[in-house]
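The primary structure of each chain is shown beneath.
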Amino acid sequence: VAKLGATGRDAACRNVTLVCQAYFSPVGPWVEFHACPAETGLTVYFRDITERRQRQERLLLLETCVACMKDVVVIAEVDPAAGSGTRIVFVNEAFVHRTGYTRAESLGRTPKMLQGPKTHRGELDRISTALGRCEPVRAAVINYTKSGVEHWVELEIVPCWSPNGGGT
């Protein structure tokens, strides 16, 4: 409550709209507080953001867990409407360690960057067919590190659809 009062006073003194978030303990909601100067004083808006904060906390926990996994995790996005093909949008630390590619080098590129001369075309076609039907697929292929070292990789690819309609 003290934080909200200080934000309101600061907004009025500086004549700017300020926003802050506060938790009302022990069982109260998370509240977003907008303090807007008005001709006759201060207009204050409150919004319960408890659900949004809980989603953010769950997402952060999930992201932290996936980032720390010892198995390689790659999330790629497909936008058929854009015709841009598949592009990597997330890799975990295990990917960086195993492939030698940094996150910066990987993000926005196609997973095909890991393929090479011994990557079996028939297996890639089987994967492509399954994904074309939006079906999960398991496969084993030879991939290559950034330095060109070949290694076998067992893949499990699961198509998902994001809330905005894009495929991942």
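To be clear, the structure that these remarks concern was listed above.
Report on the accompanying structure. (Residues numbered from 1 in each chain as written. Predicted model: local features only at pLDDT ≥ 70, side-chain atom pairs only at ≥ 80, totals over all residues. Heavy atoms only, no water.)

**Section: helix α2 (residues 50-68)**
Stage number 1. Look at α2: 27 Å from first C-alpha to last across 19 residues, which is about the 27 Å you get at 1.5 Å a residue.
Stage number 2. Where α2 is concerned, the buried positions are Thr50, Arg53 and Val66.
Stage number 3. Structurally, α2 contributes buried residues whose contacts are with β1 (18-23), β2 (30-38), β3 (41-48) and β5 (86-91). (Helix = DSSP H or I, 4+ residues; strand = E, 2+ residues; numbered from the N terminus. Expected span 1.5 Å × (residues − 1). Buried < 20%, exposed > 50% of the residue type's maximum accessible area, 1.4 Å probe, protein only. Contact = heavy atoms within 4.5 Å.)

**As for the pattern of salt bridges**
Stage number 1. Per the stated rule, a full pass over the model turns up twelve salt bridges.
Stage number 2. One salt bridge connects lysine 118 with glutamate 150, and the closest N-O pair in it is separated by 3.5 Å. With lysine 118 in the loop between α4 (103-106) and α5 (121-132) and glutamate 150 in strand β7 (residues 150-157), the pair connects residues that are 32 residues apart, well separated along the chain.
Stage number 3. As a salt-bridge pair, arginine 121 and aspartate 125 come within 3.0 Å of each other at their nearest N and O atoms. Of this pair, arginine 121 and aspartate 125 both sit in helix α5, four residues apart, which is roughly one turn of that helix.
Stage number 4. Arginine 121 sits in the exposed class, given a relative accessible area of 52%.
Stage number 5. Note on aspartate 125: relative accessible area 37%, which makes it partly exposed. (Salt bridge = Lys/Arg side-chain N within 4 Å of Asp/Glu carboxyl O.)

**Some points on the environment of arginine 9**
Stage number 1. The topology assignment puts arginine 9 in helix α1 (residues 2-14).
Stage number 2. Note: C-alpha distance between arginine 9 and proline 37 (28 residues apart in sequence) is 9.7 Å.

**Description of the nonpolar core**
Stage number 1. In this structure, Ile88, Val91, Phe95, Val96, Tyr101, Met113 and Leu114 together form the largest nonpolar core, which totals seven residues.
Stage number 2. Of all the elements in the fold, those that place two or more residues in this core are β5 and α3 (93-99).
Stage number 3. Filtering out sequence-adjacent residues up to four positions away, isoleucine 88 remains in contact with Val74, Ile75, Ala76, Ser106, Leu107, Gly108, Arg109, Thr110, Pro111 and Met113.
Stage number 4. Membership of the second largest hydrophobic core comes to six residues, among which are Leu124, Ala130, Val137 and Ala139. (Core = buried A, V, L, I, M, F, W, Y, C linked by side-chain atoms within 4.5 Å.)

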